[in-house]
Amino acid sequence: MKYKVVLPILGFENIEEFDLEEIEPNFYKLKSGDVSFTLINPAIVRNDYVFEIDEESQKKLKLNEKSNYFVLNIMIINKPFIESTVNFAAPLIFNNDKKIMGQVVLDKYPYSLTDPLSNYVKGK
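Residues numbered from 1 in each chain as written. Predicted model: local features only at pLDDT ≥ 70, side-chain atom pairs only at ≥ 80, totals over all residues. Heavy atoms only, no water.

(A) Structural context of the side chain of T38. Relative to the helices and strands, T38 resides in strand β4 (residues 35-40). Classification of T38 by relative accessible area gives buried; the value is 14%. Of note is the side chain of T38, whose polar atom sits 3.3 Å from the side chain of K29. With residues up to four places along the chain from it excluded, the contact list for T38 reads Y28, K29, N73, I74, M75 and I77. (Helix = DSSP H or I, 4+ residues; strand = E, 2+ residues; numbered from the N terminus. Buried < 20%, exposed > 50% of the residue type's maximum accessible area, 1.4 Å probe, protein only. Polar contact = N/O pair within 3.5 Å; in protein donor to acceptor, adjacent residues only side chain to side chain. Contact = heavy atoms within 4.5 Å.)

Written as structure tokens, this is what we have:
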């Protein structure tokens, strides 16, 4: 599914549109030309991942209390997989109603740019 970028991904400000494809439940591929990101649904690894989207970002993403939107996070895949990291500090917000998306940087929250997946898997 195509999404227009209204809040660019840091370092990729020139990309105006991405394709989002589900790889398997809770894992996605975000792609535009040669640029590709692996994304994860944060709910499968953290139940404490809560934040507010600032008012300016809400306006650009056209979000309101009735909006159908979802949150995904960029992953860096490592071997072994358990050593992969997740960027919880800058989630991607997808407005499904308007087919627009953007990255929101959470500067008021104690989330990391490279949080190891192993921190959230029991029996590690």
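There is more to say after this.
(B) Local environment of the pattern of salt bridges. Following the criterion strictly, the structure yields six salt bridges and no others. A salt bridge links D115 to R46, with the shortest nitrogen-to-oxygen separation between them at 3.5 Å. With a gap of 69 residues between them, D115 in strand β9 (residues 115-116) and R46 in the loop between β4 and α1 (55-60) connect regions that are remote in the sequence. In this pair, the class of D115 matches that of R46, namely buried. (Salt bridge = Lys/Arg side-chain N within 4 Å of Asp/Glu carboxyl O.)

(C) Inspection of the environment of Q103 at higher detail. Here Q103 is to be found in strand β8 (residues 100-103). A relative accessible area of 9% means that Q103 is categorised as buried. A sequence separation of 97 residues divides Q103 from V6, and the C-alpha atoms of the two residues are 8.6 Å apart. Beyond its immediate sequence surroundings of up to four residues, Q103 is in contact with L7, P8, I9, L10, I74, N87, A90, P91 and L92. A polar atom in the side chain of Q103 sits 3.1 Å from the backbone oxygen of A90.

(D) The arrangement of the nonpolar core in detail. Residues I40, Y49, F51, I93 and V104 are the most contacted members of the largest nonpolar core, which totals 19 residues. The contacts of V104, once residues within four sequence positions are left out, are L7, I53, D54, S57, L61, A89, A90, P91 and I93. Counting 16 residues, the second largest nonpolar core, distinct from the first, contains Y3, I15, F94 and M101. (Core = buried A, V, L, I, M, F, W, Y, C linked by side-chain atoms within 4.5 Å.)

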